[in-house]
Every structure is written in C-alpha cells, then in structure tokens.
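So the chains spell out like this:
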Amino acid sequence: MSKLRVNAFTLSLDGYGAGPDQTLENPLGVGGEDLHKWMIGTRTFRQMVIGKDGGTTDVDDGFAVRSFENVGAWILGRNMFGPIRGEWPDESWKGWWGDNPPYHVPTFVLTHHKRAPIEMEGGTTFYFVTDGIHSALEQARAAAGGKDVRVGGGVSTVRQYLKESLIDEMHLAISPMLLGSGEHLFAGLDMLKLGYRCTGQVATADATHVMIGRA
C-alpha cells in the first residue's frame, strides 16, 4: 500500500531543520547546509543530486539509498522550491537544481499563487498546488501509481502533514550541531498524541538516524 514518507530529513541537536534567513546564497538558511555533512559525501547524494561519481557506501549512504526507493511522487513546500515569496514575478525560476532536478517523478509544490506546470529533464515535472496539503497528497498519490509519496520539506510542510497524522513513516538524521534558531520541527507538536513512536535508531560519526512510525 502506498505510504506518505519523510526520508533523510536532517535536524540539528536543538531540533531545527533549517537555519534563519533563507536567501539565494543560503538556500537552507544561515548554517543550514552544515546539517547535511552526513549525506553530501555519500555515493547516492553525489550521483542523484549533483551528478558526479564516487562517494562513500557506508551506513549513511544506505539511508540515502533507501530514501529514493519506491518513490512515485514528491511533495515540496514553496520555500523548498525557491526563495521567491508572494506572486511569481515571471517564469524564470525553476528550482535550485538546474535543468535536471533529483526527483525524476511528478513533484507537487505547495503555494498560494497559481503557476503552470514546469516539465524538466530527467522525468521531473513540477505541479503547483494552491488548494492545500490534502489536495496535493491526493494528486501525488494518483501520480505515484501505487508507489510511495515522499514529503521533501521544508519544515513547515512536514509539520502540516504531521499535524494531520498523515505521515506513515519518517527517517530523521540528527546532526551533531546546534543552530540556535531557524525552523523547529517539533515545536508545539505532541507526537505521542498524534500517534507516533520511535521505531529504531542507528548512530554514525556524522548523524544519529532515527526512525519514527505509527504507534
């Protein structure tokens, strides 16, 4: 049965999934990129995200590999797609990733502002959803063809799906660093009342991998 998943979502020790002040120069906010040390050296990240050879094939890479398995569609928040706020000024911005984004399946972007779909290289088509998280999930499930739907982020988008207890399983990578401020994943959320529990954890040099599922 199709699942709604969060995978390879990195948090600081103090619970932040992104730093403050996202800009074109700091896509993940100030200090946010440092969270992902565990991932950027893996073979999967190098191949899937930046299109290069090499990289590690260790425990961290194993989690990165699994994050892409059986994914038929993605859901992203507006901030995950880019730094532009408000109305789209034009059609020039097509994401952070160049002509061939790492998704390779239909990808649904939550926004309040209409925009025509964008067909990219490699099988990614961005669809812009203006009528909420439930509509995005319905469209993503239909497009996924029985495979899973992955929520890529950012923090606000994951929180919205958690509040509705819609996420079936979640893999968090806890990076051994403090951000101090930014976007906090669990603030105000009672995960136990929402029906979740920790189902496993594995520690490596650069992250503690935590799995969360339904109680």
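Here is what the cut-offs are and how they apply
Residues numbered from 1 in each chain as written. Predicted model: local features only at pLDDT ≥ 70, side-chain atom pairs only at ≥ 80, totals over all residues. Heavy atoms only, no water. Helix = DSSP H or I, 4+ residues; strand = E, 2+ residues; numbered from the N terminus. Rg over C-alpha atoms; globule rule 2.2 N^0.38 Å. Buried < 20%, exposed > 50% of the residue type's maximum accessible area, 1.4 Å probe, protein only. Expected span 1.5 Å × (residues − 1). Contact = heavy atoms within 4.5 Å. Phe/Tyr/Trp six-rings, centres within 6.5 Å; stacked < 30°, edge-to-face > 60°. Lys NZ or Arg CZ within 6 Å of the ring centre and 35° of its normal. Pairing = 2+ DSSP bridges. Axes fitted to C-alpha atoms, helices over the stretch in contact; angles between N-to-C directions.

This brings us to the overall build of the chain. Looking only at helices and strands, the chain features six helices and 11 strands. The C-alpha atoms of the chain give 16 Å as radius of gyration, which agrees with the globular expectation for 215 residues (17 Å, within 12%). When its C-alpha atoms are laid out on the principal axes, the chain stretches across 45 × 40 × 35 Å. A buried classification covers 46% of the 215 residues belonging to the chain.

Turning our eyes to something else, we now look at helix α5 (residues 133–144). With 12 residues, α5 ought to run about 16 Å at 1.5 Å a step, and its terminal C-alpha atoms sit 16 Å apart, in line with that. All buried positions along α5 are accounted for by I133, S135, A136, L137, A140 and A144. Buried positions along α5 lie against β1 (4–11), β3 (71–76), β4 (106–110), β6 (125–129), β7 (148–153) and α6 (155–163). Two residues or fewer past α5, G145 is found with a positive phi of approximately 60 degrees.

To continue, consider the packing of aromatic side chains. Counted by the stated rule, this structure contains 12 aromatic pairs. With centroids separated by 5.9 Å and ring planes inclined at 85 degrees, the aromatic side chains of F81 and W88 adopt a geometry described as edge-to-face. Taking 5.8 Å as the distance between ring centres and 25 degrees as the angle between the ring planes, the aromatic pair formed by W97 and F126 counts as stacked. Of this pair, W97 sits in the loop between α4 (78–81) and β4 while F126 sits in strand β6, and the two are 29 residues apart along the sequence. Judged by its relative accessible area of 22%, W97 is partly exposed. Looking at F126, the relative accessible area reads 0%, which means it is buried. Connected via pairs of aromatic rings, a cluster forms that spans F68, W74, F81, W88, W97, Y103, F126 and F128. Taking the ring centre of W88 as reference, the NZ or CZ of R78 above it sits at 3.6 Å. Positioned above the aromatic ring of F68 is the side chain of R150, whose terminal nitrogen or guanidinium carbon lies 5.3 Å from the ring centre.

As a further point, take the sheet that holds β4. In space, the nine strands of this open sheet follow the order β5-β6-β4-β3-β7-β1-β8-β11-β10, with mixed pairing throughout. On the outer flanks of this sheet lie β5 (118–119) and β10 (196–203), each paired with one strand and no other. As judged from the five bridges shared by β3 and β7, these two strands associate in the parallel manner. Across the sheet, I75 pairs through a bridge with V151, a residue of β7. Helix-sheet contacts for α6 involve β1, β3, β4, β7, β8 (169–174) and β10, and the interaxial angle to β7 is about 135 degrees.

The next point concerns the pairing of β6. Where burial is concerned, most of β6 is hidden: four out of the five residues are buried. Sheet analysis places β4 next to β6, joined by five bridges and oriented parallel. In the strand pairing of β6, F108 is matched with Y127. Taken together, the two bridges between β5 and β6 define a ladder with antiparallel strand orientation. The residue bridging I118 from the neighbouring strand is F126, located in β6. Connecting β5 to the next strand, β6, in antiparallel fashion are five residues, including G122 with a positive phi near 80 degrees.

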